[in-house]
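Here are the chains, one letter per residue:
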Amino acid sequence: MKIIIPQTPAFDFELPSDIEVVKISEHETVPEEHRDAEVAILWGMRPTVQSFVDQLPNVRWFQTLSAGPDGLLRSTMRDDVVITNGLHFHDRPVAEHTLGLALALARELPAALDAQRDHRWASELGRAHPLHEEHRVTTVVGSKVVVWGFGAIGQQIGRVFAACGSNVTGIAQSAGQRAGFPVVTADKLTETISDCDILVMVLPNTDSTVNVLNAEVLAALPSRALVVNVGRGTTVDEDALMAALRNGDIGGAAIDVVKDEPLPEDSPLWDTPNLLITPHSAGGRPDGMGDLILHNLEAFRHGRIDDMRAVVRSPK
C-alpha cells in the first residue's frame, strides 16, 4: 500500500514498515509514478485541493489534518471514497491561541508593543482600576464568555477560559449541557450576548454561516465587548465589523481568519482601529494525531470502514 503524506508537519509517529510513504504537498503536482496511491493524508481546507484529488484516481481514503476540510468536502470524487477529519487535532492549540488573542485585547498588549517600539514607558497602561469596568473589558477573570460554535474545539476553548475564571456559555445546534457548560441555540443569540464580555466564534464554513456576524448581531453586543474569530473568515461580515470598530460600537476584535486569504496588502482591515489580526495561525500544529490516524489505517487495511473514526464522508 502506498500513502501520500504532506511535507509538513513532521509526524510524531511511525507508519507500518510495509507501507510505502511518499511526501507530497496537496499544492504540488503528483508525479505519475505515485498516482496509484490508495491513501492520502492532507490538510484539505482550500478549494484548490480539487486538482490534487483529480491526480489520485486510486485513493479510497483521505485523512485530513484539519478539523474543517472545507475544500475537500466540496470537491468531486468517486462515491466509494471515505474522508476522515482531524478531530481533536487542534482543540488545545486553537484554544490556546484564542485565549492569547482575548488576553492581548483585554490587557492592551498592542498598545504596550507600540509604546515599546517608541521606547516609552506607558504609565497609562499600568494605572490602578477596578477589576471590571463598565465600558471596557480588562480581564477574562469573572467575564462572561460566549462561545458560538460549541463543538470539540469550542468546548476546549470553554475549558481554557473557565480555568482562568471566566463564566462560559456555548451556542450550538441543540441546547442543554455540554462539557459541563450551559448551551443555548442560535435563536437565543441576541439575548445571550446582550451582556457578554467576550464573544468567541468557532463556526464552520457552510451556506448557513456566511456573514452570521453581521451589523445586527454586532449591535446586540455591549459596547465594551470583544470579538474573537478563530473559525472561518466567511462567517464575519467584514464591512460591518470594521464599521463597529471605527464607531466604537464594540471594544475590540481579534481575527485569525479572513474571507480572502492571504489578506491583500491594500485591505482596509489592516488599518482598522482596535483590530488584532493573526495569519490563520491558531491551528497548524496537529496535537496527538498518531492515535487516530493509526487506528483508521488499521481499520482501512482490514476493510473495517465502519470502525474508522472521525468520518465526515462515508462511502456511498
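Each value, and the rule that gives it
- Residues numbered from 1 in each chain as written.
- Predicted model: local features only at pLDDT ≥ 70, side-chain atom pairs only at ≥ 80, totals over all residues.
- Heavy atoms only, no water.
- Pairing = 2+ DSSP bridges.
- Helix = DSSP H or I, 4+ residues; strand = E, 2+ residues; numbered from the N terminus.
- Axes fitted to C-alpha atoms, helices over the stretch in contact; angles between N-to-C directions.
- Contact = heavy atoms within 4.5 Å.
- Polar contact = N/O pair within 3.5 Å; in protein donor to acceptor, adjacent residues only side chain to side chain.
- Phe/Tyr/Trp six-rings, centres within 6.5 Å; stacked < 30°, edge-to-face > 60°.
- Salt bridge = Lys/Arg side-chain N within 4 Å of Asp/Glu carboxyl O.
- Buried < 20%, exposed > 50% of the residue type's maximum accessible area, 1.4 Å probe, protein only.

Asker: What is the right way to look at the sheet that holds strand 13 (residues 275-277) in this model?
Answerer: Within a sheet, adjacent strands bond to each other through the backbone by hydrogen bonds, running parallel or antiparallel. A sheet is described by the order of its strands in space; here 8 strands give the open sequence 8-9-7-6-10-11-12-13, paired in mixed fashion. Each edge of the open sheet carries a strand with a single partner, namely strand 8 (176-178) and strand 13. Going across the sheet, the axis of each strand differs from the next one's by a mean of 25°, ignoring polarity. Looking at chain direction, strand 6 (residues 144-148) and strand 10 (residues 198-201) are connected through 4 bridges and run parallel. Residue pairing in the sheet places Val-146 in a bridge with Leu-199 of strand 10. In this fold helix 5 (residues 152-163) packs onto strand 6, strand 7 (167-172), strand 8, strand 9 (181-185) and strand 10, with an angle of close to 135° to the strand it touches most, strand 9.

Asker: Which parts of the structure should I look at to understand the sheet that holds strand 4 (residues 61-64)?
Answerer: Spatial strand order, 2-1-3-4-5-14: 6 strands in an open sheet with mixed pairing. The sheet terminates laterally at strand 2 (20-23) and strand 14 (311-313), the two strands that pair on one side only. Taken over all neighbouring pairs, the strand axes of this sheet differ in orientation by 25° on average, direction set aside.

Asker: What is the right way to look at the environment of Pro-279 in this model?
Answerer: Topologically, Pro-279 is positioned in the loop between strand 13 and helix 9 (289-301). Along the primary structure Pro-279 and Asp-256 are separated by 23 residues, whereas in three dimensions their C-alpha atoms are 5.7 Å apart.

Asker: Just to check I follow, could you spell out the side chain of Thr-209 for this structure?
Answerer: In this fold, Thr-209 is placed in the loop between strand 10 and helix 7 (215-220). In this structure the side chain of Thr-209 is engaged in a polar contact, spanning 3.0 Å, whose partner is the backbone nitrogen of Thr-206. If sequence neighbours within four positions are ignored, Thr-209 has contacts with Pro-204, Thr-234 and Thr-235.

Asker: Is there a simple way to think about the packing of aromatic side chains in this case?
Answerer: Within a pair of aromatic rings, the relevant descriptors are the distance that separates the centres and the angle that separates the planes. Tallied over the full model, the rule gives 3 aromatic pairs. With 5.4 Å between their ring centres and 40° between their planes, Trp-61 and Phe-300 make a pair best called tilted. On the criterion of sequence distance, the pair formed by Trp-61 in strand 4 and Phe-300 in helix 9 is long-range, its members being 239 residues apart. Between Phe-150 and Phe-181, the ring centres sit 5.9 Å apart and the planes meet at 85°, which makes this aromatic pair edge-to-face.

Asker: Would you mind going over the pattern of salt bridges with me for this structure?
Answerer: Tallied over the full model, the rule gives 15 salt bridges. Put simply, Arg-117 and Asp-114 hold a salt bridge, and the shortest N to O gap is 2.2 Å. Of this pair, Arg-117 and Asp-114 are both found in helix 4 (residues 109-117), 3 residues apart, which corresponds to roughly one turn of the helix. Classification of Asp-114 by relative accessible area gives partly exposed; the value is 39%. The closest approach of N and O atoms between Asp-197 and Arg-224, which form a salt bridge, is 2.6 Å. Of this pair, Asp-197 sits in the loop between helix 6 (189-193) and strand 10 while Arg-224 sits in the loop between helix 7 and strand 11 (226-229), and the two are 27 residues apart along the sequence.

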